[in-house]
There are 2 protein chains.
Amino acid sequence: MKIHIITIGDEILIGQIVDTNSAWMAGELNLIGARVGYIHSISDDGDAIRKTLDGALEDADAVLMTGGLGPTKDDLTKKALADYFGVELVYHEPTLVWIQALFERIGRPQKAEALHDQCLMPANAVILPNKMGTAPGMWFEHQGKVIVSMPGVPSEMKYLMGHEVLPKLKARFGGKPIQHRTILTVGEGETIIAGRVAAIEDRLPPHVKLAYLPAVGQVRLRLTGIADDVVALEQVLNEQAAAITACLSDIVYGFGDTTLEAAIGQMLLAKGLTISAAESCTGGHFSHSLTAIPGASAYFKGAVVAYDNAVKMSLLGVRAETLERYGAVSEQTVLEMARGVRELLQTDLAISISGIAGPDGGTPEKPVGTIWMAIASKDAVTAQKIVRGKDRLSNIQYATIQALNMVRKLLAE
Amino acid sequence: MKIHIITIGDEILIGQIVDTNSAWMAGELNLIGARVGYIHSISDDGDAIRKTLDGALEDADAVLMTGGLGPTKDDLTKKALADYFGVELVYHEPTLVWIQALFERIGRPQKAEALHDQCLMPANAVILPNKMGTAPGMWFEHQGKVIVSMPGVPSEMKYLMGHEVLPKLKARFGGKPIQHRTILTVGEGETIIAGRVAAIEDRLPPHVKLAYLPAVGQVRLRLTGIADDVVALEQVLNEQAAAITACLSDIVYGFGDTTLEAAIGQMLLAKGLTISAAESCTGGHFSHSLTAIPGASAYFKGAVVAYDNAVKMSLLGVRAETLERYGAVSEQTVLEMARGVRELLQTDLAISISGIAGPDGGTPEKPVGTIWMAIASKDAVTAQKIVRGKDRLSNIQYATIQALNMVRKLLAE
């Protein structure tokens, strides 16, 4: 199954936003055995839509479009699609009902007239319900090919892909069975990991491939196999995944679609332990990461974001002498912060983080990107230092991952 | 000047990396008055390169390519380009000298033979020196059009764009000036805003367009004008931007590239005020948003993430009676939380947020997505309720934006 992706929107072409939809879609399509041949980013413009669609349909089995749908006037996509297929725009009553219910729910009822244009759909569209927003997706069959149009808002596109488009594409195009095993690691870079598993990778059977998918502080290893015999394929993939996991046992935290935060949540739940945090340079990002997981309240009690040194002293009990002598970004300070917050919030474990996030504020001894962190338990407090670059957000994210990894390692002991 | 961008590399098409080069290039090209008509992401494949180049050159004055250059992938793109132009690959001595010097400097001298293929260039290429890496850029003139090929590594592409490509394009094409004005709003949806500015939009001169760029809780309005007379164009855009701003004065928080967090930071700085937060359902995300801005320590003192009710009571002074009678998600609780954290961290302002982030945990009276928040100042504490859907992360993000908007409104009074 060969796919073209078309992302519509002037905001991409003038560089105002980065197109992250395409990469996400391409990754998901890969998982169902589809291959993305081209990604086209085009203008909010009828001619561009028609011309690109024409070219794409020459080469692809299916064309997935995002963007160009939504309530305001700069949205021409539905008109362009209707023209392309030679059909009229027709009124879609269920869409009105859905949009009105949405507005009702937030206490801002809307009259049908104001929503009229949003309910017009090309007559040949199969409407794909969008529970995340007002504009539904549309599925078209045209000369043996499939065309799908989705809103460009990432959460809406992802909902439609997951609940409607991917299952429908799979059913429509089929193909040889494809299986994946994803091994999740934290704490080492791609090059080191590739070196450690080189011997296994070299001996993989030809129908199994290994890909490295790096993110901030983490690398996912994905085995992909394609074969007619599903049972044999599953066995081979399970064996290879087990070999890789054994080889990387110190850095593997999970499998499949989970996240490091969710894996740590499961470990804390299993051990019946609670956790708290004292954050300085990460400014709440560590706590946000943990609490992004549903059910986090079972193990996460709370945190103190101690941005100001006065807060480090008054709430966490960091001694003025420690701050004066060693500075806020020091082993001694994070040790006191971790002990302090564990005591204050009465938890089994506690994390502390203090660093120079940047882009400014460094010194020769403590350059921007210097970040100390500590973990306290009933028995001990240990600290570690990392040194990163000058990018503030990347430093905050990386420090969060490293702190989560400290929790994981302690729980795995 | 109309441009197509072609990014070459399988890693984009399998979703392994997000193409950030295109957006950066598009933004820079816009500033010199060039318009990016299309962005094509294609495979590391000779046929795809030739075919896409053919289509692009039909429409564009210049085609900028990134990727497909470098020690391992070198041959493919250069060979495809040489074929396309009907020329031979020829040896480029200065490139050898440059690469050898690079390896010399890191103490790994290389023999000329090992670098032979990297020094082969299409005979018609003007070589663009790349001080950031081994593979130079290439500039081609072909049938009155320009084709440029650059490495895909962002730092190398940016160097070549800044030092070679942009100045050369400007000299080569000139072109009609383009200007933008971006107006940033928070607190209303796209539909409502479009209704409010409909009269202004309908009267826009034909060379000025208005686009709506929505994000969670925010909408950016972008005016784009193209005209020969820059002074007249600037005046028209300034007038229209002023009209829109006046019409939306209650929801406009800034202009251009700033963010709501940065705008609030500037307002706090200007008034010499400090702020703190007490977060329950947002779990640190509000604090993270504020502290993602460099220099936030000048006004943000800290926060208490009071996930557990015990923390709400012990640190923030929320009364047990309040929690029992009204629940943690209630007007009374957020009022006490805001007062409590303001007192505890000794700040001028304080925000509190408590809600049911989801996906579970709702009741008929308090469905998932019910979120209370309050803002406390020296003089008063006020609360508001929002009701959203079941998506946890979207609820957290939306609540953060709404809380930031409460701060903005208070500061704007």
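Procedures and definitions
- Residues numbered from 1 in each chain as written.
- Chains lettered and ligands numbered in written order.
- Predicted model: local features only at pLDDT ≥ 70, side-chain atom pairs only at ≥ 80, totals over all residues.
- Pairing = 2+ DSSP bridges.
- Helix = DSSP H or I, 4+ residues; strand = E, 2+ residues; numbered from the N terminus.
- Axes fitted to C-alpha atoms, helices over the stretch in contact; angles between N-to-C directions.
- Core = buried A, V, L, I, M, F, W, Y, C linked by C-beta atoms within 7 Å.
- Buried ≥ 20, exposed ≤ 12 C-beta atoms within 10 Å, placed from the backbone.
- Contact = placed C-beta atoms within 7 Å.
- Domains from an automatic or database assignment.
- pLDDT = per-residue confidence, 0-100.

S.K.: Quick rundown of the sheet that holds strand β12 (residues 252-255) of chain B? Include the residues and the values.
M.R.: All names here are of chain B. Taken together, the four strands give an open sheet; going across it, the order is β10-β11-β9-β12, and neighbouring strands pair in antiparallel fashion. Of all strands in the sheet, those bounded by a partner on one side alone are β10 (208-215) and β12. Here the strands of the sheet are splayed against their neighbours by 20° on average, with no regard to which way each runs. Pairing of strand β9 (residues 178-186) with β12, which is carried by three bridges, proceeds in the antiparallel orientation. Counterpart to Leu184 in the pairing with β12 is Gly254.

S.K.: Account for the pairing of β10 of chain B, naming residues and giving values.
M.R.: All names here are of chain B. Taken together, the eight bridges between β10 and strand β11 (residues 218-226) define a ladder with antiparallel strand orientation. Residue pairing for β11: Leu210 is matched across the bridge by Leu223. Counted between consecutive antiparallel strands, the loop separating β10 from β11 contains two residues, among which Gly217 sits at a positive phi close to 70°.

S.K.: Before we move on, can you summarise the nonpolar core with the specific residues and values?
M.R.: Counting residues in hydrophobic clusters, the biggest one holds 128 residues, and the most contacted among them are Val304 and Ala338 of chain A together with Val304, Ala338 and Ile351 of chain B. Among residues more than four places away in sequence, those in contact with Ala338 of chain B are Ala278, Ala350, Ile351, Ser352, Ala374, Ile375, Ala376 and Val381 of chain B. Formed by 82 residues, the second largest nonpolar core is a distinct cluster that contains Val165 of chain A together with Met25, Ala80 and Val148 of chain B.

S.K.: Which residues make up the domain arrangement of chain A, and what are the values?
M.R.: Looking at chain A, the domain boundaries give domain 1 (2-173), domain 2 (178-255) and domain 3 (260-412). Taking only C-alpha atoms, the centre of domain 1 of chain A and the centre of domain 2 of chain A are 34 Å apart.

S.K.: Go over the sheet that holds strand β16 (residues 370-376) of chain B, please, and point to the residues and values.
M.R.: In spatial order, the strands read β17(A)-β16(A)-β15(A)-β13(A)-β14(A)-β14(B)-β13(B)-β15(B)-β16(B)-β17(B); together these 10 strands make up an open sheet with mixed pairing. Whereas interior strands pair on both sides, the edge strands pair on one side only; in this sheet they are β17 (381-387) of chain A together with β17 (381-387) of chain B. The mean inter-strand angle of the sheet, taken between neighbouring strand axes irrespective of direction, is 15°. Sheet topology note: the strand β15 (residues 349-355) of chain B/β16 of chain B ladder contains six bridges and is antiparallel. Across the sheet, residue Ala350 of chain B finds its bridge partner in β16 of chain B, namely Ala376 of chain B. Against the sheet, helix α15 (residues 392-412) of chain B touches β13 (275-279), β15, β16 and β17 of chain B, its axis set at about 25° to β16 of chain B.

S.K.: I'd like a description of the confidence of the model for chain A, backed by residues and values.
M.R.: Per-residue pLDDT for chain A averages 93, and the proportion of residues at 70 or more is 99%. Interface predicted TM-score (ipTM) for the complex: 0.80; the corresponding pTM is 0.80.

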